[in-house]
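Residues per chain, in single letters:
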Amino acid sequence: MRLPTLKPYRMFEQFDGLSDAECARMMMDARINWPWLTVRWPMVIGLAFVVGWPTLIGLLSWPGTAAYAPGLMKWVPLPRTAEWMIVFLVVTGVGGAGLAWALSRDAGMWLALKRTLERSSCRKCGQSLTGVPVQTIGAEPDPAKQFVRCPECGKKWVLLDIGLTPRDLVPFEQRGVPTDFARKRPREAWRAGAR
């Protein structure tokens, strides 16, 4: 794993050959497939920090706390006046909640992208099914009759049963779009290609 930057999908080397647009689509798929990891869980952690932080500070500044922990107040410097305590709680509460939300969002996105990568693996033995050819029973292209066979354990998986499409089994290196895709070619190259 690599250290994240502003683009969390660059933590995974499997996404190196993909364009930013394709990786953004993978992140959107991760948000749709695992909303608790990417959207709801960070909100819960941020709200828990907003509620828990003033409660913790209130317990630390309670007059009886100093009697039970005499050395605690020298390690936790809290303001002594009520006005500065309110300013302290607002500034640290908003900053801490934002930091907790951002860290949990990044961790949730990492887990969701990791699960997205592991989605196309065998449910029995864990072997990756990426690159395994899709086979079809019959002549018509019925999605319910498309299956793959695990190269490790030999288990046959119908793609609809495990929630995959044939595109999910294409290796990530082959999903990239060529750099000259949809560019207008010079007239001479077009004429040479038409001959």
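Analysis parameters
- Residues numbered from 1 in each chain as written.
- Predicted model: local features only at pLDDT ≥ 70, side-chain atom pairs only at ≥ 80, totals over all residues.
- Heavy atoms only, no water.
- Core = buried A, V, L, I, M, F, W, Y, C linked by side-chain atoms within 4.5 Å.
- Buried < 20%, exposed > 50% of the residue type's maximum accessible area, 1.4 Å probe, protein only.
- Helix = DSSP H or I, 4+ residues; strand = E, 2+ residues; numbered from the N terminus.
- Contact = heavy atoms within 4.5 Å.
- Pairing = 2+ DSSP bridges.
- Salt bridge = Lys/Arg side-chain N within 4 Å of Asp/Glu carboxyl O.
- Expected span 1.5 Å × (residues − 1).
- Arc of directions from axis to C-beta.
- Axes fitted to C-alpha atoms, helices over the stretch in contact; angles between N-to-C directions.
- Parallel < 35°, antiparallel > 145°, perpendicular 65-115°, else oblique.
- Polar contact = N/O pair within 3.5 Å; in protein donor to acceptor, adjacent residues only side chain to side chain.
- Phe/Tyr/Trp six-rings, centres within 6.5 Å; stacked < 30°, edge-to-face > 60°.
- Lys NZ or Arg CZ within 6 Å of the ring centre and 35° of its normal.

S.K.: Would you mind going over the nonpolar core with me for this structure?
M.R.: Nonpolar side chains in soluble globular proteins tend to end up buried together. With 15 residues, the main nonpolar core has Tyr9, Phe12, Phe15 and Leu113 as its most contacted residues. Contributing elements (two or more residues each) for this core: α1 (20-33) and α5 (82-118). When sequence neighbours within four positions are dropped, the list of residues in contact with Tyr9 reads Phe15, Asp20, Cys23, Ala24, Met27 and Leu113. Within the second largest apolar cluster, 10 residues are counted, among which are Cys150, Ile162, Leu164 and Leu169.

S.K.: Is there a simple way to explain the sheet that holds strand β3 (residues 156-158) in this structure?
M.R.: Each strand in a sheet pairs with another by means of backbone hydrogen bonds, the pair being arranged parallel or else antiparallel. Read across the sheet, three strands follow the order β1-β2-β3 without closing on themselves; strand pairing throughout is antiparallel. The open sheet has two free edges, formed respectively by β1 (135-136) and β3, since each of these has just one partner strand. The pairing of β1 with strand β2 (residues 146-149) spans two bridges and is antiparallel. When the sheet's bridge partners are listed, Gln135 is paired in β2 with Phe147.

S.K.: Explain the pairing of β2 here, please?
M.R.: Along any regular strand, the residues point their side chains to alternate faces of the sheet. Two elements, β2 and β3, share three bridges in a ladder whose sense is antiparallel. Bridged to Val148 within β3 is Trp157. Two successive antiparallel strands, β2 and β3, enclose a turn made up of six residues, where Gly154 displays a positive phi of approximately 85 degrees.

S.K.: What should I look at first to understand the pattern of salt bridges in this one?
M.R.: Where charged atoms from two side chains of opposite charge come close, those side chains can pair. By the definition in use, this model includes two salt bridges. The shortest N-O distance in the salt bridge between Arg25 and Asp29 comes to 2.8 Å. Separated by four residues within a single helix, Arg25 and Asp29 lie in helix α1, roughly one turn from each other. Looking at Asp29, the relative accessible area reads 23%, which means it is partly exposed. Across the pair Arg105 and Asp106 runs a salt bridge, and its minimum N-O distance is 3.0 Å. Since its relative accessible area comes to 35%, Asp106 is described here as partly exposed.

S.K.: Any chance you could explain α5 here in plain terms?
M.R.: Two residues of an α-helix separated by three or four positions point the same way, owing to the 3.6 residues in each turn. If you check α5, its first and last C-alpha atoms are 52 Å apart, about what 37 residues at 1.5 Å a residue would give, namely 54 Å. Restricting attention to buried positions, one finds in α5 the residues Met85, Gly93, Gly96, Ala97, Ala100, Ser104, Gly108, Met109, Ala112, Leu113, Thr116 and Leu117.

S.K.: What's the story with α1 in this structure? I'm lost.
M.R.: Counted at 1.5 Å a residue, the expected span for α1 with its 14 residues is 20 Å, and the 20 Å between its end C-alpha atoms agrees. Of all the positions in α1, only Glu22, Cys23, Met26, Met27 and Ala30 are classed as buried. Seen along its axis, α1 keeps its buried residues to an arc of 145 degrees; they face one direction. Across α1 from its buried face, at more than 90 degrees, point the exposed residues Ala21 and Ile32.

S.K.: I tried to follow the packing of α1 against α5 on my own but got confused; where do I start?
M.R.: When two helices pack together, their arrangement is given by the angle between the helix axes and the distance between those axes. Two elements in contact, α1 and α5, have axes separated by 9 Å at closest approach and are oriented at 100 degrees. On the basis of their axis angle, the class for α1 and α5 is roughly perpendicular. Each of Met26, Met27, Ala30 and Arg31 in α1 lies in contact with α5, whose residues at this interface are Met109, Ala112, Leu113 and Thr116.

S.K.: Just checking my understanding: could you explain the side chain of Ser104 for this structure?
M.R.: Structurally, Ser104 is set in helix α5. Given the relative accessible area of 9%, Ser104 is considered buried. Separated by 3.0 Å, the side chain of Ser104 and the backbone oxygen of Trp101 make a polar contact.

S.K.: How should I be thinking about the packing of aromatic side chains in this particular structure?
M.R.: For any pair of aromatic rings, the description consists of the separation of the ring centres together with the inter-plane angle of the planes. Enumeration over the complete set of coordinates arrives at one aromatic pair. Relative to Trp53, the ring of Phe49 has its centre 5.6 Å away and its plane inclined at 10 degrees; by these criteria the two rings are stacked. Residue Phe49 and its partner Trp53 are both found in helix α2 (residues 35-60); the two are separated by four residues, about one turn of the helix. In this arrangement the basic side chain of Arg40 is found over the ring face of Trp36, its NZ or CZ atom lying 5.3 Å from the centre.

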